[in-house]
Amino acid sequence: MKKAFYKEKYYWHSFQFSKSRALSEDCLSEKLKSDIESKMKYHERAAINYIAKL
């Protein structure tokens, strides 16, 4: 049961990371771009954390 939960969380954070990366590439505002990149780093760390638990 825990593995299914961790797998679900991994895929969600992985998707959010990919979405943030795409937004960051198209962003024109430097402040907004830095905010998006900080979220991107968070989701990357979280995805790595959950994949390690599998």
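All residue numbers here refer to positions counted from 1 along the written sequence of the relevant chain. Only residues with pLDDT of 70 or above have their local features reported here, since the model is predicted, and side-chain atom pairs are shown and tallied only from 80 upward, although totals for entire chains, interfaces and linings are computed over all residues. To obtain the side-chain values, all non-hydrogen atoms of the structure were used and water was disregarded.

J.: In this structure, what is going on with the overall build of the chain? I would like to understand it.
T.: Here a helix means four or more residues in a row that DSSP labels H or I, a strand means two or more in a row labelled E, and each is numbered from the N terminus. The secondary structure content of the chain amounts to 2 helices and 0 strands. Radius of gyration means the value over C-alpha atoms here, while the globule rule gives 2.2 Å times the residue count to the 0.38 power. Its C-alpha atoms give the chain a radius of gyration of 13 Å, clearly above 10 Å, the size a compact globule of 54 residues would have. Along the first, second and third principal axes, the C-alpha set of the chain runs to 40 × 15 × 10 Å. Buried means the residue's accessible area, taken with a 1.4 Å probe over protein chains only, is under 20% of the maximum for its type, while exposed means over 50%, and partly exposed covers the values in between. For the chain, the proportion of its 54 residues judged to be buried stands at 24%. The Shrake-Rupley method, run with a 1.4 Å probe sphere, supplies the accessible areas, and residue values consider only the shown protein chains as cover. By element, 57% of the accessible surface of the chain is carried by carbon and sulfur atoms, the whole surface being about 4,400 Å². Side chains of the chain give 12 positive and 7 negative charges; the mean places of these two sets differ by 11 Å. Charge assignment in this entry is limited to Lys and Arg as positive and Asp and Glu as negative, and neither His nor the chain termini are counted. A single reference atom marks each charge: NZ on Lys, CZ on Arg, CG on Asp, CD on Glu.

J.: Can you help me understand helix 1 (residues 2-26) in this one?
T.: Given 3.6 residues per turn, any residue in an α-helix points the same way as the ones three and four places further on. A helix's residues, less one, multiplied by 1.5 Å, set its expected span. The terminal C-alpha atoms of helix 1 lie 37 Å apart, and with 25 residues this matches the ideal 36 Å at 1.5 Å per residue to within 8%. Listed as buried for helix 1 are Tyr 6, His 13, Gln 16, Phe 17, Ser 20 and Ser 24.

J.: Would you mind showing me how to read the side chain of His 43 here?
T.: Within the secondary structure, His 43 is located in helix 2 (residues 30-53). At a separation of 3.0 Å, a polar atom in the side chain of His 43 contacts the side chain of His 13. Definition of a polar contact: a pair of N or O atoms within 3.5 Å, with one able to donate and the other able to accept a hydrogen when the atoms are protein atoms, and with sequence-neighbouring residues admitted only if both atoms are side-chain atoms.

J.: Sorry if this is basic, but what is going on with the packing of aromatic side chains here?
T.: Where two aromatic rings form a pair, the distance of their centres and the angle of their planes describe that pair. Here a Phe, Tyr or Trp ring, Trp counted by its six-membered ring, pairs with any other such ring whose centre lies within 6.5 Å, and the pair is stacked when the planes are under 30 degrees apart, edge-to-face when over 60, and tilted otherwise. Summed over the entire model, instances satisfying the criterion amount to 3 aromatic pairs. Ring geometry for Phe 5 versus Tyr 6: centroids 5.9 Å apart, planes at 55 degrees, classification tilted. Among the residues examined, Phe 5 registers a relative accessible area of 47% and is labelled partly exposed. The exposure class assigned to Tyr 6 is buried, which follows from its relative accessible area of 18%. Pairwise contacts between aromatic rings join Phe 5, Tyr 6 and Tyr 50 into one cluster.

J.: So what exactly am I meant to see when it comes to a nonpolar patch on the surface here?
T.: Only residues whose relative accessible area exceeds 30% and that form no salt bridge are eligible for patches; like-charged ones are grouped when within 9 Å, while nonpolar side chains (Val, Leu, Ile, Met, Phe, Trp, Tyr) are grouped when within 5 Å. Salt bridges are defined as contacts in which a side-chain nitrogen from Lys or Arg sits within 4 Å of a carboxyl oxygen from Asp or Glu. A cluster of nonpolar side chains, Ile 48, Ile 51 and Leu 54, forms an exposed patch at the surface whose accessible area comes to about 260 Å². With respect to the helices and strands, Ile 51 occurs in helix 2. Judged by its relative accessible area of 39%, Ile 51 is partly exposed.

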